[in-house]
Amino acid sequence: MTITIKDAQYCYPSQPRKMVLNISSWSVAEGEKTFLHGPSGGGKSTLLNVLSGLIQTTGSVSVFGQSLNEMSVRHRDKFRAENIGFVFQQFNLISYLDAIDNIKLASAFGSSQGGETLEREIKSLLADLNISVDEWSEPARNLSIGQQQRIAIARALINKPQLLIADEPTSSLDQVNRDIFMSLLMSIVKEHKITLLLVSHDMSLSTHFNSVVSLNEINLVGKQS
Amino acid sequence: MFIRLAIKSLLDRKSSVLVSLLAMSVSIFVLLGVEHIRHQTKENFSNTVSGVDLIVGARTGSVNLLLYSVFRVGNPTNNIRWETYEKVASSRKVDWAIPISLGDSHKGYRVLGTSTDYFKYFSYSDKQLLEFKDGRAFKDLFDVVLGAEVARKLNYQLGDRLVLAHGVAATSFSLHEDRPFDVVGILRPTGTPVDQTLHVSLAGIEAIHIDWQHGVRIPNSSAPIDNFDDIDLKPKSITAFMLGLKEKMATFRVQRGINNYKGEPLLAILPGVALSELWQMMGILEKTLLLVSALVFLAACLGVSAMLLASIRERQKEIHLLRVIGAPPRFLFFLVELEAFFITLFGVILGSLLLMGSLLVSRDYLVEKFGLHINVSIFTENSIHMILMVFLASFIAAALPSFVSYLRARKGLD
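Rules used in this analysis
- Residues numbered from 1 in each chain as written.
- Chains lettered and ligands numbered in written order.
- Predicted model: local features only at pLDDT ≥ 70, side-chain atom pairs only at ≥ 80, totals over all residues.
- Pairing = 2+ DSSP bridges.
- Helix = DSSP H or I, 4+ residues; strand = E, 2+ residues; numbered from the N terminus.
- Core = buried A, V, L, I, M, F, W, Y, C linked by C-beta atoms within 7 Å.
- Buried ≥ 20, exposed ≤ 12 C-beta atoms within 10 Å, placed from the backbone.
- Contact = placed C-beta atoms within 7 Å.
- Axes fitted to C-alpha atoms, helices over the stretch in contact; angles between N-to-C directions.
- Domains from an automatic or database assignment.
- Nonpolar A, V, L, I, M, F, W, Y, C, P; charged D, E, K, R; others polar.

### Quick word on the sheet that holds strand β1 (residues 3-11) of chain A
All names here are of chain A.
Working step 1: Taking strand neighbours across the sheet as the criterion, the four strands line up as β2-β1-β4-β5 in an open arrangement whose pairing is antiparallel. Strands at the two margins of the open sheet, each flanked by one partner only, are β2 (19-28) and β5 (66-67).
Working step 2: Judged from the four bridges that link them, β1 and strand β4 (residues 60-63) form a sheet pairing that is antiparallel. Following the sheet pairing, I5 is matched in β4 by V61.

What follows is the structure, encoded as structure tokens:
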């Protein structure tokens, strides 16, 4: 299993009485493409932060068989950098860095080799994602949302992760760009045999996935409400 | 990559960073400037006189005597009779004596009447004797030897003629026009007030004042004298004199003897002791200046700290993104510290360049006005220590925003 969650509960420290996540059992198989949907404020982003090890729950959360709760902060950061790629709706990139530097930065936290090999790898990734050479050295803020999303995919792939988490990646895109983005994402996931977990409230995207999960089904907080 | 990230992050916030950088540069300019000028002034003063055991003048404060006799700053309260000088100089404990007569000037530069022993015994820095760049010591009555700065600034060469003025004002209307002096020697630079002095014989000083009284020429005085051979040009009084003793052990005894001299009220000082007194007097001023410059620097540090703290609030999403791609909280701590380091580094570079530029521009003014030779190169052991302290202080000042950034990274997205 890529993801296994058991008896995970989470409350924000500022509101210790208000539980936002309560999952008794949930898992995602290796190589699976999972579409997770749910209403706004239903705890989707919180779940993704739990899976990336940025916040900790009670119970047990394992990714690739390794319990995140048992790792030190340093170990979790390293594990995340090396094994999980992220694509967000926006603020995917450091706005003042160009595409190459944004990707280099992500590789610096993983175990990728630096130097010319890395530079070649980055350029090949950017070319594969149809990002023109002129845009490689442009600060991210000067690029369109669509271009930023594609660079974010390149950034997410640089450390060759086995799990890709995408949080509402198409929300800022128009329909044409959304379709281009989804087909690109699916082809990459297939090519690199990556487990994909995509969170969105846009149900039309669910057709690309072999597993569709409603957060309300797995999060007992949603069921109670 | 991390250095690149810090620099690009700073460049992304150009306006606020620029203001912090300017504040830091100005504070470092003030801090290093005060320290450098303080250090150079002390070194200048300490190097001005060397190997002189006692300086003797009319009774006054020891610092005042030191200032007017050695540094040509201020004026004597009274003169010493020539007989007194001769009596002290002929003592068997005295190895050599240099008489000093001040009171005239040339285009703002002081004229020093003395004997040829001045060129033989007077030393500066580490017992370094005066050397001639061109020419020789004065021999004839109206010979003059120029300090290096006088020759350079006024563009004098051997053989040139110049006229001395009565008094020490930069512009004088009482000129000794009828008795011009010939430049016979130019000294090598010493970095001391010697460079701004014109040296003539005591007899020369007497000669130009023959028909003068109380600073003005006596009206209807006798026709100009062409031949001084028959005139007694032995001075009646001098301003002060310097003594070198045969035995250093006898210094205090000779000093006591001179201070208790019955013939006229005298004061004998040890140059080193008088310098220490001067430093003691200057101590409070020095400390105040250092304190003010340290406070200016502290304010700049707090400014940088506040700017970084505000930037962390603005960069919440950036911190989140860095955390998501695997940046550990300590990375965020050091990223903010690195930004503070770069502001300090560029502040030090800019402040130092500003200081060196200002010293270069004001060098001639400082020499002319205060006789201070301030080296343009500001990097001494002292200033390097100070720069290291500046970096340490900026590290401490940046610790608060760095720690806030660390905590936010550690707390996750709550």
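Moving on from the coordinates now.
### So, the nonpolar core
Working step 1: Among the nonpolar cores identified, the biggest contains 103 residues, and I165(A), V304(B), I325(B) and L332(B) are the most heavily contacted of them.
Working step 2: Not counting residues up to four positions away in its chain, the partners in contact with I325(B) are A81(A), L105(A), A106(A) and F109(A).

### Considerations on the pairing of strand β3 (residues 94-106) of chain B
Residue and element names in this part refer to chain B.
Working step 1: Bridge count between β3 and strand β16 (residues 240-245): six bridges; the pairing is antiparallel. Paired with W96 across the two strands is G244, which belongs to β16.
Working step 2: Pairing of β3 with strand β4 (residues 109-114), which is carried by four bridges, proceeds in the antiparallel orientation. Along β4, the bridge assignment pairs D104 with V111.
Working step 3: As consecutive antiparallel partners, β3 and β4 are separated by two residues, and within that stretch K107 has a phi angle of approximately 50 degrees, a positive value.
Working step 4: Relative to strand β10 (residues 165-166), β3 runs antiparallel, the two sharing two bridges. Pairing of S105 across the sheet is with A165, part of β10.

### Describing the pairing of strand β7 (residues 163-167) of chain A
Remember that side chains alternate between the two faces of the sheet whenever the strand is regular.
All names here are of chain A.
Working step 1: Within β7, five of the five residues are buried, leaving the element largely enclosed by the surrounding structure.
Working step 2: Here β7 shows no split at all, with L163, I165 and D167 on one side and L164 and A166 on the other all buried.
Working step 3: As paired strands, strand β6 (residues 84-87) and β7 are joined by four bridges and run parallel to one another. Bridge assignment links I84 to a residue of β7, and that residue is L163.
Working step 4: One ladder, built from five bridges, connects β7 with strand β8 (residues 195-199); its direction is parallel.

### Some thoughts on the interface of chain B and chain A
By a widespread convention, an interface's size corresponds to the accessible area lost as its parts come together.
Working step 1: Each partner contributes residues to the interface: chain B has 20 residues there, and chain A has 25 residues.
Working step 2: Those elements that place two or more of their residues in the side of chain B that touches chain A are α1 (2-12) and α10 (316-324) of chain B.

### Quick notes on the environment of R120(A)
Residues and elements named next belong to chain A.
Working step 1: Within the secondary structure layout, R120 lies in helix α4 (residues 115-128).
Working step 2: On the basis of neighbour count, R120 is assigned to the exposed category, with 10 C-beta atoms found within 10 Å.
Working step 3: Placed 24 residues apart in sequence, R120 and Y96 show a C-alpha to C-alpha distance of 22 Å.

### Overview of the sheet that holds strand β3 (residues 33-37) of chain A
All names here are of chain A.
Working step 1: One open sheet accounts for five strands, arranged β6-β7-β8-β3-β9; its pairing is parallel. Because the sheet does not close on itself, it has two edges, and the strands there are β6 and β9 (211-214). Direction aside, neighbouring strands of the sheet carry axes that sit 20 degrees apart on average.
Working step 2: Pairing of β3 with β9 involves four bridges; the strand directions are parallel. Bridging from a neighbouring strand, L36 pairs with V213 of β9.
Working step 3: Each of β6 and β7 touches helix α6 (residues 145-157); the most contacted strand, β6, lies at about 170 degrees to it.

### A few points about the domain arrangement of chain B
Residue and element names in this part refer to chain B.
Working step 1: Partitioning chain B into domains gives domain 1 (2-45 + 280-411) and domain 2 (54-269).
Working step 2: Computed over C-alpha atoms, the centres of domain 1 and domain 2 are 48 Å apart.
Working step 3: Taken together, the six residues of domain 1 in the interface contact seven residues of domain 2.
Working step 4: Split into classes, the residues belonging to the side of domain 1 that touches domain 2 amount to three nonpolar, three polar and no charged.

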